[in-house]
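# Coordinate inspection notes
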Amino acid sequence: MRAEVVAMDAEHLNMEAIQKAGKILKEGGLVAFPTETVYGLGGNALDPAASMKIYAAKGRPSDNPLIVHIADLKDLARITTEIPEGAQILAKKYWPGPLTMILPKADVVPKETTGGLDSVAVRFPSDRIAQELIKAAGGFVAAPSANTSGRPSPTMAEHVEEDLGDAIEMIIDGGQVGIGLESTIVDFTEDVPVVLRPGYISLEMLREVLGEVRMDKGLLITDSSVRPKAPGMKYRHYAPKADLSIVEGPQEEVIDCINRLTREAAAKGLKAGIIATDETRAQYASGLVLSIGSREEEETIAHHLYEVLRDFDEADVNVIYSEAFYTPRMGQAIMNRLLKAAGHKIIKTQEEL
């Protein structure tokens with residue numbers, strides 16, 4: 001049976017539909033819903049069976065932790081055994097918002113939700129639809145991104161329908177999300193706070209508030225033998241169907257290299273896709289060229305990344321070549337997702353000469 005799709009926005013909430021969705025979650029079912037980052041696939045975070053349903057619907061490995069979403073700061077104390085001072089400071093500064101914190105879990109949170117770990121990942125989203133749904137569901141909603149595991153995360157309800165329409169009970173369509181990349185994850189179970197996933201809230205922003213914060217060494221290259229402490233650390237994510245490579249180097253060399261690679265692909269009968277920017281798209285001579293946004297407004301690059309990857313899937317391209325995006329504030333987050341989508345395949349122009 002196909003999921004029921006109900007459209008609404010933050011200014012015009014359909015509380016009847018939200019209460020119905022909350023009842024589905026309370027009874028162990030699954031509901032997809034918008035947040036300010038990406039769409040989430042929600043289940044009752046305190047119900048082990050519901051968490052296992054999330055893993056099954058996504059095809060997600062069950063040792064990959066789920067994020068527990070709350071809509072009341074007071075509820076944090078119910079699912080954790082300790083809230084360090086740094087976590088309290090960040091909560092005051094950035095919640096509700098695109099920040100997830102990893103804390104020691106209370107017994108009420110089943111290990112099915114935490115991927116077998118003694119810690120729990122918690123987020124308080126700012127999206128009003130998400131907040132009302134969480135309240136209607138009882139206050140604790142486990143929700144990874146609402147996509148088939150490994151695929152680009154969904155930024156529109158249509159993406160959720162495409163991936164999970166036959167596997168869940170309801171999809172709340174809140175339109176296109178605002179940020180387009182998953183939340184920043186900060187681990188507070190070690191002596192020094194550790195960023196396990198970069199996002200809209202950058203390392204620099206965290207250091208301004210907390211002082212010492214470090215970036216996890218495994219962000220760019222992961223060891224498959226290490227159990228993940230955060231969603232997505234261990235597994236290939238965000239991947240389009242086509243083979244994706246990132247081309248790095250001075251801009252003119254990158255454009256020349258991608259044009260050459262596109263010609264070579266065409267000579268082999270392959271359809272190539274190119275991820276460009278508003279500033280460079282006109283300089284590509286062939287292939288399907290899609291602009292991801294403007295380097296002058298790096299939020300547009302983050303906002304469109306997953307959408308562009310899905311557009312290439314629809315276009316049935318065989319190979320994709322992307323410019324690199326080491327932009328000042330969100331570059332770490334953008335490149336983290338792009339590298340995972342490419343399976344860390346990088347072409348350096350200096351080595352191609």
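This text follows the structure it describes.
Keep in mind it's a predicted model, so treat the numbers as computed, not measured.

### Digging into helix α5 (residues 128–136)
Of all nine residues in α5, seven are buried, a share of seventy percent or more. Every buried residue belonging to α5 is among Ile129, Ala130, Gln131, Glu132, Leu133, Ile134 and Ala136, and all of these are buried. Measuring from the side-chain oxygen of the N-cap residue of α5 to the backbone nitrogen of Ile129 gives 2.9 Å; that N-cap residue is Asp127. Positive phi appears at Gly138, one or two residues downstream of α5, with a value of about 110°.

### Description of the packing of helix α4 (residues 85–94) against helix α7 (residues 203–210)
Geometrically, a packed helix pair is captured by the angle between its two axes and the distance between the axes. Contact geometry of α4 with α7 gives a least axis separation of 10 Å together with a crossing angle of 115°. Helix-helix and strand crossings are classified by hand; for α4 and α7 the assignment is right-handed. When α4 is examined against α7, the residues Gly86, Ile89, Leu90, Lys93 and Tyr94 are found in contact with a partner set consisting of Met205, Leu206, Val209 and Leu210. In the contact of α4 with α7, the residues fall into seven nonpolar, one polar and one charged.

### Quick look at the pattern of salt bridges
Taken as a whole and judged by the stated rule, the model has 21 salt bridges. Between Glu27 and Lys23 there is a salt bridge; the shortest N-O distance is 2.8 Å. On the accessibility criterion, Glu27 (58% relative accessible area) is exposed. Residues Lys348 and Glu248 are paired through a salt bridge, measuring 3.0 Å at the closest nitrogen-oxygen approach. Of this pair, Lys348 sits in strand β16 (residues 346–348) while Glu248 sits in strand β12 (residues 243–248), and the two are 100 residues apart along the sequence. Judged by relative accessible area, which is 36%, Lys348 ranks as partly exposed. Via salt bridges that share partners, Arg151, Glu162, Asp163, Arg310 and Asp313 belong to a single interconnected network.

Cut-off values and rules
Think of each chain on its own: its residues are numbered from 1, step by step along the sequence as written. Residue-level local features of this predicted model are given only where pLDDT is at least 70; pairs of side-chain atoms are given and counted only at 80 or more, and the full residue set underlies all totals for whole chains, interfaces and linings. Side-chain metrics rest on all non-hydrogen atoms present in the structure, leaving aside hydrogens and water. Buried, partly exposed and exposed residues are distinguished by accessible area as a fraction of the type maximum, computed with a 1.4 Å probe on protein chains only: under 20%, between the cut-offs, and over 50%, respectively. Secondary structure is summarised from DSSP: a helix means a run of H or I of at least four residues, a strand means a run of E of at least two, and numbering begins at the N terminus for each. Here a polar contact is taken to be a pair of N or O atoms separated by no more than 3.5 Å, where protein atoms must pair a possible hydrogen donor with a possible acceptor and residues adjacent in sequence count only if both atoms sit in side chains. Here an angle of 0 to 180 degrees is reported between the N-to-C directions of two axes, which are lines fitted to C-alpha atoms, with helices fitted over the stretch in contact. The sense of a crossing depends on the near helix, which, turned anticlockwise from the far helix by less than a right angle, makes the crossing left-handed and, turned clockwise, makes it right-handed. Contacts are assigned to residue pairs that have any heavy atoms within 4.5 Å of one another. Just so you know the grouping, Ala, Val, Leu, Ile, Met, Phe, Trp, Tyr, Cys and Pro go in nonpolar, Asp, Glu, Lys and Arg go in charged, and all remaining residues, Gly too, go in polar. We define a salt bridge as a contact between a side-chain nitrogen of Lys or Arg and a carboxyl oxygen of Asp or Glu at a distance within 4 Å.

What is shown is where atoms sit, not what they do.
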